[in-house]
Amino acid sequence: MEEDKCQVLFPCCSEEKEKRKKKKEREPKFAFQTRSQVDILDDGYRWRKYGQKAVKNNPFPRSYYKCTEEGCRVKKQVQRQSGDEGVVVTTYQGVHTHPVDKPSDNFHHILTQMHIFPPY
């Protein structure tokens, strides 16, 4: 009875409770390491850098990128490994909704050096 009064007086309250009950699904994450002298690996997609921050216990900053394709929500993080500066750790979040922009001959080379880690 008390809840009915709340809905009549404050209809938005019940809507907010429903929103809180539903958990937001997380996009899948894929992380891999590559031995490389450059941080940005050509994976065939176009990326826009939107941030960079210092990471604890690592002299190398982490860079954040978004796919530039309209409607695609894939993001990636790129960071050098603190123990071995020759290793770049790239983490992708999400799945592209479009084909590769420019197929890369270099991508096969990247795949041969890749070590895939299980999702978080």
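Residues numbered from 1 in each chain as written. Predicted model: local features only at pLDDT ≥ 70, side-chain atom pairs only at ≥ 80, totals over all residues. Heavy atoms only, no water.

Formally: UniProt positions are given in the numbering used here, feature names are shortened, and annotations may be inferred rather than shown by experiment.
Per an unreviewed UniProt entry, the recorded name for the chain is WRKY transcription factor 45, and the organism is Cardamine amara subsp. amara. Check the Subcellular location (unreviewed entry) section of the UniProt entry for the chain; it says "Nucleus".

**A word on the pairing of strand β2 (residues 47-55)**
Basically, it comes down to this: For two strands to be treated as a pair, DSSP must find no fewer than two bridges joining them. The numbering of helices and of strands both runs from the N terminus, where a helix is a DSSP run of H or I of at least 4 residues and a strand a run of E of at least 2.
Looking at chain direction, β2 and strand β3 (residues 58-67) are connected through seven bridges and run antiparallel. Its bridge partner being in β3, Val 55 is matched across the sheet by Asn 58. Following β2, the chain reverses through two residues before pairing antiparallel with β3; Asn 57 in that reversal takes a positive phi of roughly 55°.

**A few points about the packing of aromatic side chains**
Rules: Pairing of aromatic rings covers Phe, Tyr and Trp, the last through its six-membered ring, and needs centres within 6.5 Å; plane angles under 30 degrees mean stacked, over 60 mean edge-to-face, and all others mean tilted. The classification of residues rests on relative accessible area computed with a 1.4 Å probe and restricted to protein chains. Under 20% of the type maximum is buried, over 50% is exposed, and intermediate values are partly exposed.
Going through the model one piece at a time under the given rule, you end up with three aromatic pairs. Taking 5.8 Å as the distance between ring centres and 20° as the angle between the ring planes, the aromatic pair formed by Phe 32 and Tyr 92 counts as stacked. In this pair, Phe 32 sits in strand β1 (residues 29-35) while Tyr 92 sits in strand β5 (residues 87-93), placing the two residues 60 residues apart along the sequence. The exposure classification of Phe 32 matches that of Tyr 92, with both residues buried. Ring centres of Trp 47 and Tyr 92 lie 5.8 Å apart, and the angle between their planes is 50°; this geometry places the pair in the tilted category.

**Structural notes on unusual backbone geometry**
Even without glycine at this site, Asn 57 takes up a positive phi of about 55°. In this fold, Asn 57 is placed in the loop between β2 and β3.

**So, the environment of Pro 28**
If you trace the backbone, Pro 28 turns up in the loop between α2 (11-21) and β1. With relative accessibility at 35%, the residue Pro 28 sits in the partly exposed group. In the structure, Pro 28 is positioned 66 residues away from Gly 94 in sequence and 5.3 Å away in space, judged by C-alpha atoms.

**Side note on the environment of Val 95**
To be explicit about the condition: Pairs of residues are marked as contacts when any of their non-hydrogen atoms sit within 4.5 Å.
With respect to the element layout, Val 95 can be found in the loop between β5 and α3 (106-113). Its relative accessible area of 55% is what places Val 95 among the exposed residues. On a C-alpha basis, the gap between Val 95 and Glu 27 in space is 7.8 Å, while along the polypeptide they are 68 residues apart. Not counting residues up to four positions away in its chain, the partners in contact with Val 95 are Glu 27, Pro 28 and Val 74.

**Structural notes on the nonpolar core**
Cut-off, in case you're wondering: Nine residue types can take part in a nonpolar core, namely buried Ala, Val, Leu, Ile, Met, Phe, Trp, Tyr and Cys, and a core is a set of them joined through side-chain atoms within 4.5 Å.
Of all hydrophobic cores here, the largest spans ten residues; its members are Phe 32, Tyr 45, Trp 47, Tyr 65, Cys 67, Cys 72, Val 74, Val 78, Val 88 and Tyr 92. When residues of this core are traced back to their parent elements, those giving at least two are β3 and β5. Discounting chain neighbours no more than four positions away, the residues touching Tyr 92 are Pro 28, Lys 29, Phe 30, Phe 32, Asp 43, Trp 47, Val 74, Lys 75 and Lys 76.

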